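Survey of secondary and tertiary structure
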Amino acid sequence: MVSLSIKNLKESGAENIIKAATLFFQAGIMAIVWVSMPFAIEAFRGGLYLIGIAASIGIFSQTLFRIPLFFYLERAGRSTIPSVSLIISGLALIILTLSQNFATYAVGFAIFGFSSAMFTPMTGLRDSGVTIYKPLNDIYSIRVFSTLGIFVLLGLSAIYGGSIDGLYAILSLFGLVTGLFGLILKSNKIEREYSSGKHTPMKKFFTGGRTYLKSFDDLKNRRLTFLVLITDIGIFLSITMTFPFISSIGSIDGLSRSYVFLIFALFAVGAFFLETYGRILQLKGISNILYFARPMILLISFLLFSLAGISSLFVSGLIFIFIWLSSDRLSAGSLPSYVDPSDAKKLPKMETTFLVPLSFIVPLFGSLLWYLSPRTLFAFALIPLSVSVAIAFVIEERLWSGQNIRGKPAKDFH
């Protein structure tokens, strides 16, 4: 009888509804956990500098869990992964709800990192030429139901008048029920999504890092490639150092929890439309200009955050972050036209070699700077951005003069 009921549910399209609900709640929960960090930590009277430590723990657990998860997915498929991810998020929320000190909160955030590993790409990798930043890629999505989940749940959270613990408890209930129901629908038919061919050998678990180190060998234009690499690392350092604290800077600037939630809900919707429809404007000339303008736009944003605790400056800083995101997405895949194609293919792995460890180390440094002063954090983030801006100007001068870094005529590979 139970088996028949499950079959009827599948035939009625309930499986598609649960899939959409899983995306809805998982994306919404992840966004709320990141955005609400200052309010959750203040609930047990912790210092906001602890946010960087919690972010580091969560990103590290995500990165660490990604390694065995990769081999598991190759062999068992991913049909049940979304539901399991949502269940783990629900469990993490329960721990966050019960946390009375930072140690318990950190445990919950580490478990939350496991869920994030199943749901979002690995920190530091590039997807279609766009570097994936944490927690930026956890507060917006390019999927319709995920974006809807972020917008609706953040919007409802903005009008919720209860404690942050109560909000977590409600969300954990929805997460657990939706995830468990999704597993039940899959219980009679676990779909195998992998091919019957060869799988990645388990020894890659220990030796895979060599592939990334080898990407530094035999570069055609080593100096130029390193300049591009340093530019991207400078941007990444500033973002990784500050982004866990973006909602915190709003809270200390006098903005209410409701206003912070609402502004990030609108940010998610805007980013979705930008990602989905912005590529229409991706003309070659515009893409090249935006590629070199990226660090300058982000520098203006952090400069506004570092000036004073004024709510209008906070909103203006977020607007410039949105403009930066626009330039980053519209210039996706763009590189100086004289970068050798073989060097361009190696750049993503070269970046990953640095970005993955930096992703969970740099937030710790951000905590130290926030402890000294929130404005100090954002002021210090201007240093690597300034380096990126300076290098971008050096590269841009050679682009427009038609000369590459070695003094030979530029070749257009676009």
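Residues numbered from 1 in each chain as written. Predicted model: local features only at pLDDT ≥ 70, side-chain atom pairs only at ≥ 80, totals over all residues. Heavy atoms only, no water.

**Focus on the side chain of Ser-301**
Relative to the helices and strands, Ser-301 resides in helix 14 (residues 284-307). Judged by its relative accessible area of 0%, Ser-301 falls in the buried class. Ser-301 has contacts with Gly-317, Phe-320 and Ile-321, leaving out every residue within four places of it along the chain. (Helix = DSSP H or I, 4+ residues; strand = E, 2+ residues; numbered from the N terminus. Buried < 20%, exposed > 50% of the residue type's maximum accessible area, 1.4 Å probe, protein only. Contact = heavy atoms within 4.5 Å.)

**Points about the pattern of salt bridges**
What the rule picks out here adds up to 1 salt bridge. Across the pair Asp-232 and Arg-294 runs a salt bridge, and its minimum N-O distance is 3.2 Å. Here Arg-294 lies in helix 14 and Asp-232 lies in helix 11 (residues 222-242), a separation of 62 residues in the sequence. (Salt bridge = Lys/Arg side-chain N within 4 Å of Asp/Glu carboxyl O.)

**Here we look at the nonpolar core**
Tyr-105, Ile-246, Phe-302 and Phe-305 are the most contacted members of the largest nonpolar core, which totals 82 residues. The leading source of residues in this core is helix 2 (residues 14-35), at 12 residues. When near neighbours in sequence (up to four residues on either side) are disregarded, Tyr-105 contacts Met-37, Ala-40, Ile-41, Phe-44, Ala-54, Leu-96 and Ser-99. Grouped together as the second largest cluster of nonpolar side chains are 15 residues, Leu-219, Phe-236, Leu-347 and Ile-391 included. (Core = buried A, V, L, I, M, F, W, Y, C linked by side-chain atoms within 4.5 Å.)

**Overview of empty space enclosed by the protein**
By the definition in use, this model includes 2 cavities of 30 Å³ or more. Lining the largest cavity are 13 residues, with Ile-139, Phe-243, Ile-246, Ser-247 and Phe-264 sitting closest to its centre. Of all the elements in the fold, those that place two or more residues in the lining of the largest cavity are helix 2, helix 12 (246-252), helix 13 (257-277) and helix 15 (311-330). When its residues are assigned to classes, the lining of the largest cavity shows 12 nonpolar, 1 polar and no charged. (1 Å grid on protein atoms, 1.4 Å probe; cavity = no way out; pocket = protein on both sides within 12 Å on 5 of 7 lines; lining within 4 Å. Points joined across faces, edges and corners; volume = space filled by probe spheres on them. Nonpolar A, V, L, I, M, F, W, Y, C, P; charged D, E, K, R; others polar.)

**Topic: the side chain of Thr-63**
Within the secondary structure, Thr-63 is located in helix 4 (residues 50-76). A polar contact of 2.8 Å, which involves the side chain of Thr-63, links it to the backbone oxygen of Ile-59. (Polar contact = N/O pair within 3.5 Å; in protein donor to acceptor, adjacent residues only side chain to side chain.)

By themselves these figures say nothing about function.
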